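Here is how the chains run, residue by residue.
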Amino acid sequence: MSSPLNSGLRQRCPACGKGKLYRGVLTVTDQCAACGLDLRARDPGDGPTFFVITFFGFVVVALAVWFEFAYEPPLWLHAAIWTPFICLGSVVLLRITKALLIAYQYKLKVGFK
């Protein structure tokens, strides 16, 4: 069994640590290709979204305020910088946070047989 932190950060199956956890951007695969673990009902719910919005939002706002006071850029530059940063950063952090929660659910046997 792979450690939850290792398999979560690598976004791999929590049982074997080898199979991919996602089949799309944020869609969890139905079954691990390596060990056959059933992952259909492994939905961590709104937990990852809450953590990403709360913590990443705080970081983005702090950086945007610092950038505004340090350089006083025009508004279009704020939009050009922060929009892709927020979109890409949110997806990356959601994938990692979701994988970590699924891995810890597996370790604690929450919903797994």
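The present account deals with the structure reproduced in this document. Nothing here was measured: the structure is a model prediction, and the numbers come from that model. (Residues numbered from 1 in each chain as written. Predicted model: local features only at pLDDT ≥ 70, side-chain atom pairs only at ≥ 80, totals over all residues. Heavy atoms only, no water.)

The subject of this paragraph is the packing of aromatic side chains. For the coordinates displayed, the defined rule picks out eight aromatic pairs. Ring centres of Phe51 and Phe55 lie 6.3 Å apart, and the angle between their planes is 15 degrees; on these two criteria the pair is classed as stacked. Of this pair, Phe51 and Phe55 both sit in helix α2 (residues 47-71), four residues apart, which is roughly one turn of that helix. By relative accessible area, which is 55% here, Phe55 ends up exposed. (Phe/Tyr/Trp six-rings, centres within 6.5 Å; stacked < 30°, edge-to-face > 60°. Helix = DSSP H or I, 4+ residues; strand = E, 2+ residues; numbered from the N terminus. Buried < 20%, exposed > 50% of the residue type's maximum accessible area, 1.4 Å probe, protein only.)

What follows covers α2. In this model α2 runs 36 Å from its N-terminal to its C-terminal C-alpha over 25 residues, within 8% of the 36 Å that 1.5 Å per residue would give. All of the buried residues in α2 are Pro48, Val52, Phe56, Val60, Ala64 and Phe67. Residue Glu72 follows α2 closely and has a positive phi angle near 50 degrees. (Expected span 1.5 Å × (residues − 1).)

Among the structural elements, His78 can be located in helix α3 (residues 75-107). Among residues more than four places away in sequence, those in contact with His78 are Ala64, Phe67, Glu68, Pro73 and Thr83. (Contact = heavy atoms within 4.5 Å.)

Attention shifts here to the state of the cysteines. Applying the stated criterion to the full structure yields zero disulfides. Among the cysteines around Cys32, which has no disulfide bond, Cys13 carries the closest sulfur, lying 3.6 Å off. (Disulfide = S-S within 2.5 Å.)

Right, let's talk about a nonpolar patch on the surface for a bit. Where nonpolar side chains cluster on the molecular surface, the patch consists of Phe58, Val59, Leu63, Trp66, Tyr71, Phe85 and Ile86 and spans about 730 Å² of accessible area. It is α2 that contributes the most residues to the nonpolar patch, five residues altogether. The class of Ile86 is partly exposed, set by a relative accessible area of 36%. (Patch = residues over 30% accessible without salt bridge, like charges linked within 9 Å, V, L, I, M, F, W, Y side chains within 5 Å. Areas by Shrake-Rupley, 256 points an atom, 1.4 Å probe, with all protein chains shown as cover. Salt bridge = Lys/Arg side-chain N within 4 Å of Asp/Glu carboxyl O.)

This next bit is on unusual backbone geometry. Unlike most non-glycine residues, Gln11 shows phi in positive territory, near 60 degrees. As for its position among the elements, Gln11 is in the loop between α1 (4-10) and α2. We classify Gln11 as buried; its relative accessible area is 15%.

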